[in-house]
Amino acid sequence: AFLALSNRINAEDSSSYSSAQANTSLWLSAAAYCGSSSYKTHKFAGPTTGFVVTAIIEDLPSDTEGYIGYLPSDKSIYVTFRGSSSIRNWITNLDAVKTTYTSYSECGCQVHKGFYDAEQKVI
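A brief structural summary. (Residues numbered from 1 in each chain as written. Predicted model: local features only at pLDDT ≥ 70, side-chain atom pairs only at ≥ 80, totals over all residues. Heavy atoms only, no water.)

**Section: the side chain of Ser 62**
Looking at where Ser 62 falls in the secondary structure, it is placed in the loop between strand 2 (52–59) and strand 3 (64–71). A residue is classified by how much of its surface remains accessible, and Ser 62, at 7% relative accessible area, is buried. A distance of 2.6 Å separates the side chain of Ser 62 from the side chain of Asp 59, its partner in a polar contact. Here Thr 64 takes part through its side chain, which lies 2.8 Å from a polar atom of the side chain of Ser 62. Sequence-distant contacts of Ser 62, defined by excluding residues within four places in its chain, comprise Arg 88, Asn 89 and Lys 121. (Helix = DSSP H or I, 4+ residues; strand = E, 2+ residues; numbered from the N terminus. Buried < 20%, exposed > 50% of the residue type's maximum accessible area, 1.4 Å probe, protein only. Polar contact = N/O pair within 3.5 Å; in protein donor to acceptor, adjacent residues only side chain to side chain. Contact = heavy atoms within 4.5 Å.)

**A closer look at the state of the cysteines**
Scanning the model with the defined rule gives one disulfide in all. Note on cysteine connectivity: Cys 107 is disulfide-linked to Cys 109, with sulfurs 2.2 Å apart. Residue Cys 109 is classed as partly exposed on the basis of its relative accessible area of 30%. (Disulfide = S-S within 2.5 Å.)

This is the structure in structure tokens:
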């Protein structure tokens, strides 16, 4: 099972579930486990054929990594984080207290503090 996160940004329609988009996200999440050194040269296949990596997300101290890119075939931008795969990741996971999501204060949201701290290190 993949514990990665892939999120699509599409201005045309982001309000409904799509099994095709979910499948694309699954393939992109799987590729996030290939390692940050291979993201830009990865040969994307299946529903991700043609995907273009535009930026690598990486923070060595927290072992947070992923990538940003776009898929011309569905005119979407994807932000993909690799899931937990190291002791450092699991230590971050233990910090499960909720914290206010200040990057978008209008939502009044609370998020997992460990993931939020890791996210803040790479934005």
